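Descriptive analysis of the structure
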Amino acid sequence: MMRRLILSLAVAALTLAGCSANDHTQKPRHITYWEKWTGFEGEAMDVVVDAFNARELEHAKADPNYAPIEVEKVTISAVEQKLLIAIAGGNPPDVAGNYSFFVASYADNGALVDLGPMLAKAGFDRSVFIDHFMKLGEYRGKTWAIPIVPASLALHWNKRLFREAGLDPEKPPTTIEEMDAMAAKLTKWEVTLPNGEKKIESGYLTDVPASQKRLIQAGFLPGEPGWWNYGWGYYFGGNLLQGQDKITADTPENVRGFNWVASYSKNLGIDVIKRFRSGFGNFSSPQNAFLSGKVAMVLQGVWMYNFIEKYAPGMQWAAAPFPYPADHPELAGTTNADADVLVIPKDSPHQAEAFEFIQYVMTQKNLEKLALGQKKFTPLNNVSPEFWAAHPNPFIRMFRDVAVSKNAFSIPQTGVWNEYNREMGNAVDLIQNLTVTPQKALTDVQSKMQDSLDRDLRIVARREKK
Amino acid sequence: MTSLERSNLRNGLMFCAPWLIGLTVFLIYPLVAAFYYSLCDYSVLLPPVFIGLDNYVDLMKDPLFWKSLYNTAYFAVGSVGLGVIMSLTLALFLNSKVKGIALYRTLFFLPSLMPVVAGSLLWLWMYNGESGIINNGLRAIGIHGPAWLADPAWAKTAIVIMAVWGAGNAMVIYLAGLQDVPTSLYEAALIDGAGFFQRLFNVTIPMISPVIYFNVVMSIIGGFQAFTQAFIMTGSTGAPERSTLFYVLNLYNVGFQDLRMGYASAMAWVLFVIILVLTFAATKLSQRWVTYDR
């Protein structure tokens, strides 16, 4: 028995040895790439990775002395946290996808490789990229990340519900005031009459007690989906950070924005909204509040088109730049424009190979391939006519236009963003529940975050002195 | 030392080694290291910088520290109290000799086998303000239920109620304790004319007091470490309005989101001391009412 085992092992070993002996090409240089997207966005990246690997194999076939680079794509959830742990543990991937708003805190902690020298060596022309997006990867004078797929937000509206409410389905609101008036008309209730009969009425019906009415359709809810709750002030001319050291949470513009957010709670009633919202299904499902026609207008990203196609095909919708306050027409086209970025983690074992891969992705052809697959747009100034022609989203030009407008904003680059985001989230919670006034909530955030930022800057300064 | 003694010592140490190594590597070292880091600015990625007691001083001034401590204490007191009453009551019922008792015991134990994440997702649906089974049930008896997890006044209570879901574990331990109570004591009590409650308070509870003590201590420790339920059900911000921001959730945010691992280590040590003091207090108190019969 033992002898037979040894024999078969020997045969196996010989076979394996024979394989490699016959193979004259160089051993591939294996690198790992951490990707954060699953689903269609992940698949779009698969296509690019496969094309890169195929190109490398071709190169190796032509030149037997060339060791091809082999990229292995690994999908990681919550990559912004796991990447950090992997870097701290000294076992990072060679290259990783991340969100642009984590660049600052990663860079402050020395977790990333400065791409500047490699870019310079490769003769990189910065002006090829849209300045706004390139800036997302730049922090404290160095380039830490390359933007690959940006996204922007716009108002999406349900044309059928517009028609039912007697509104022109082709005419979106352009000012916030118009939008508020439309939202009121798009609000529908089931009212129980004293004789027990039920009937549908629209408007805010503030004179009908809550026990006699049930909300069945909302025109607009600032908290749906609530992913950018920190940013409402920007649409009113506010911002969250000036320079690198001044928190601007409680400026009059921000207070105005959040007063507007609170106005929806006042008009509809806090309990009414809570009940209504708890009837919403998952975002990625046909029960999504917008897709199921429960909310007529939402602020959503360029990807929303995809979810409509998938979960509510045949839905009549359109998208337009989010409205601006009537007294500030210069704020037209305000949108949140952040990007997915590629980074090389500190201690990445194959930095040159990783950069080679980044360079491959950075070309117009490949960025367009990626953006087309992810149904977004590219961070480049040049767009090929084929890209526009092939893009399935009918509003893709509008999404890019707002992203390159002067009113495009992105999440502030600061090492304390996570905390700032939580504080703003809590403030919006308090504001929407009408627990405190927007002024009070934002003043609290202001003082807390200014302290945190000062502390963070002190720590960074001390590190730099060392 | 004779050679026999020496070889005995060596063998003894070798047998202890897996445990000793495990304790040192996974418990003592992290404890000591965390204490050192709690005296530093430490972001995990860069070498720690010693700053003395600054983290502890900042902690005392941090409103979120106090808020999360209050939330956690509320949860611990609620879940320990409710948990002990529920699991003891269940154990008493399931200690009776009726047909199919094994089935009943299994049924009541089953929920505690469910992973916390799955249980939390399930309760998320049960607590749904519009279509949840709880509010539907309340509506049937004419009560207009709250929006539970979306309502700052109810979210914490909702998570406490959910803790009863895991009462099965403690119940089994109580059941084992109950079956250990000698029947001779009940017989003697019956002959003396003791009723059900007299037997309960004068025989059963004193006889299982060590078990109650054990369960209470374990629940306090578990209660102060509450994390998963809130993380899954209300998110890492502890929404609504931070009413479910538990201590460990806050620690997680500070340590793993903000990369202030030194500050998080200080929080961990404060929690360690709190649990230590509470356990010590429970032990001291227990000397008054816990009877060790054998």
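Thresholds applied
Residues numbered from 1 in each chain as written. Chains lettered and ligands numbered in written order. Predicted model: local features only at pLDDT ≥ 70, side-chain atom pairs only at ≥ 80, totals over all residues. Helix = DSSP H or I, 4+ residues; strand = E, 2+ residues; numbered from the N terminus. Buried ≥ 20, exposed ≤ 12 C-beta atoms within 10 Å, placed from the backbone. Contact = placed C-beta atoms within 7 Å. Pairing = 2+ DSSP bridges. Axes fitted to C-alpha atoms, helices over the stretch in contact; angles between N-to-C directions. Nonpolar A, V, L, I, M, F, W, Y, C, P; charged D, E, K, R; others polar. Parallel < 35°, antiparallel > 145°, perpendicular 65-115°, else oblique. pLDDT = per-residue confidence, 0-100. Domains from an automatic or database assignment. Core = buried A, V, L, I, M, F, W, Y, C linked by C-beta atoms within 7 Å.

**Some points on the overall build of chain B**
- Within chain B, the regular secondary structure consists of 13 helices and two strands.
- Viewed in the frame of its principal axes, chain B has a C-alpha envelope of about 75 × 70 × 35 Å.
- Across the 294 residues of chain B, 33% fall into the buried class.
- Counting only contacts in chain B whose residues sit at least 6 apart along the sequence, the fraction spanning at least 24 positions is 68%.

**Quick word on the overall build of chain A**
- Scanning chain A from N- to C-terminus turns up 17 helices and 17 strands.
- Projected onto its principal axes, the C-alpha positions of chain A cover 95 × 55 × 55 Å.
- Counting all 466 residues of chain A, 43% fall into the buried class.
- If you take every contact in chain A between residues at least 6 apart in sequence, the share linking residues at least 24 apart comes to 73%.

**Let's talk about the sheet that holds strand S10 (residues 213–220) of chain A**
All names here are of chain A.
- Read across the sheet, six strands follow the order S9-S8-S10-S13-S7-S14 without closing on themselves; strand pairing throughout is mixed. Edge positions in the sheet fall to strand S9 (198–202) and strand S14 (317–320), since each of these pairs with one other strand and no more. Neighbour-to-neighbour, the strand axes of the sheet open up by a mean angle of 30 degrees, direction not taken into account.
- Where strand S8 (residues 188–192) meets S10, four bridges bridge the pair, whose relative direction is antiparallel.

**Here's the deal with the interface of chain A and chain B**
- Contact residues are listed per partner, giving 24 residues for chain A and 24 residues for chain B.
- Elements supplying a minimum of two residues to the side of chain A that touches chain B: helix H3 (79–88), helix H10 (270–278), helix H16 (417–432) and helix H17 (438–465) of chain A.
- Considering every element that reaches the side of chain A that touches chain B, the biggest residue donor is H16(A), with seven residues.
- Here the residues of the side of chain A that touches chain B sort into five nonpolar, 11 polar and eight charged.

**Some thoughts on the sheet that holds strand S3 (residues 95–99) of chain A**
Residues and elements named next belong to chain A.
- If you walk across this open sheet you meet the five strands as S2-S1-S3-S16-S6, and the pairing is mixed. In this open sheet, the two edge strands, each paired with only one partner strand, are strand S2 (69–75) and strand S6 (146–151). Put simply, the sheet's adjacent strands are angled 20 degrees from each other on average, direction ignored.

**Structural notes on the packing of helix H2 (residues 54–61) of chain B against helix H13 (residues 261–289) of chain B**
Residue and element names in this part refer to chain B.
- One can describe the packing of H2 onto H13 by two numbers: an axis separation of 9 Å at closest approach and a directional angle of 70 degrees. As the angle between them shows, H2 and H13 are arranged roughly perpendicular. Residue-level inspection shows Asn55, Tyr56, Asp58 and Leu59 of H2 in contact with H13, the latter providing Gly262, Tyr263, Ala266, Met267 and Val270.
- In terms of residue class, the contact of H2 with H13 is made up of six nonpolar, two polar and one charged.

**Some details on unusual backbone geometry**
- The peptide bond linking Glu224(A) to Pro225(A) adopts the cis configuration, its omega dihedral lying at 0 degrees.
- Position of Pro225(A) among the secondary structure elements: in the loop between S10 and strand S11 (241–242).
- Following Ala239(B), the chain continues to Pro240(B) via a peptide bond in cis, the omega torsion being -10 degrees.
- Mapped onto the fold, Pro240(B) is located in the loop between helix H11 (228–233) and helix H12 (247–257).
- The backbone of Ala78(A) sits at a positive phi, close to 45 degrees, despite the residue not being glycine.
- Within the secondary structure layout, Ala78(A) lies in the loop between S2 and H3.
- Residue class for Ala78(A) comes out exposed when judged on the 10 C-beta atoms lying within 10 Å of it.
- One non-glycine residue, Leu434(A), lies in positive phi territory at about 55 degrees.
- Within the fold, Leu434(A) resides in the loop between H16 and H17.

**Here's the deal with the environment of Gly262(B)**
- Turning to its location among the elements, Gly262(B) is positioned in helix H13.
- Setting aside its immediate chain neighbours within four residues, Gly262(B) contacts Tyr37(B), Ser38(B), Cys40(B), Asp41(B), Tyr42(B), Pro48(B) and Asn55(B).

**Notes on the confidence of the model for chain A**
- Looking at chain A, the pLDDT average stands at 92 and 95% of residues meet or exceed 70.
- A low-confidence stretch, residues 18–22 of chain A (pLDDT under 50), is modelled with zero contacts involving residues beyond four sequence positions or located in other chains.

**Side note on the domain arrangement of chain A**
Residue and element names in this part refer to chain A.
- Domain annotation for chain A reports domain 1 (29–151 + 338–404) and domain 2 (153–336 + 413–459).
- Put simply, the middle of domain 1 and the middle of domain 2, counted by C-alpha atoms, are 32 Å apart.
- Between domain 1 and domain 2, the residue contacts involve 18 residues of the former and 16 residues of the latter.
- Per-class residue counts for the side of domain 1 that touches domain 2 are 12 nonpolar, two polar and four charged.

**Some words on the confidence of the model for chain B**
- Of the residues in chain B, 99% reach a pLDDT of 70 or more, and the chain-wide mean stands at 91.
- Across the interface, the model reports ipTM at 0.88; the global pTM reads 0.90.

**Let's talk about the pairing of strand S13 (residues 295–301) of chain A**
Residues and elements named next belong to chain A.
- Of all seven residues that make up S13, seven are buried, and the element is covered over most of its length.
- Across five bridges, strand S7 (residues 153–158) lies against S13 in antiparallel orientation. Pairing of Ala154 across the sheet is with Gln300, part of S13.
- Examined bridge by bridge, S10 and S13 share two bridges and lie parallel to one another. Looking at S13, one finds that Ala218 is bridged to Val295.

**With respect to the nonpolar core**
- Counting residues in each nonpolar core, the largest one holds 121 residues, and the members touching the most others are Val103(A) and Phe357(A).
- With seven residues, the single largest contributor to this core is H16(A).
- One finds Ile159(B), Met171(B), Tyr247(B) and Ala264(B) within the second-largest nonpolar core, a separate group that totals 52 residues.

**Remarks on the environment of Ile143(B)**
- Within the fold, Ile143(B) resides in the loop between helix H6 (133–140) and helix H7 (155–163).
- In sequence terms Ile143(B) and Lys284(B) are 141 residues apart; their C-alpha atoms lie 44 Å from each other.

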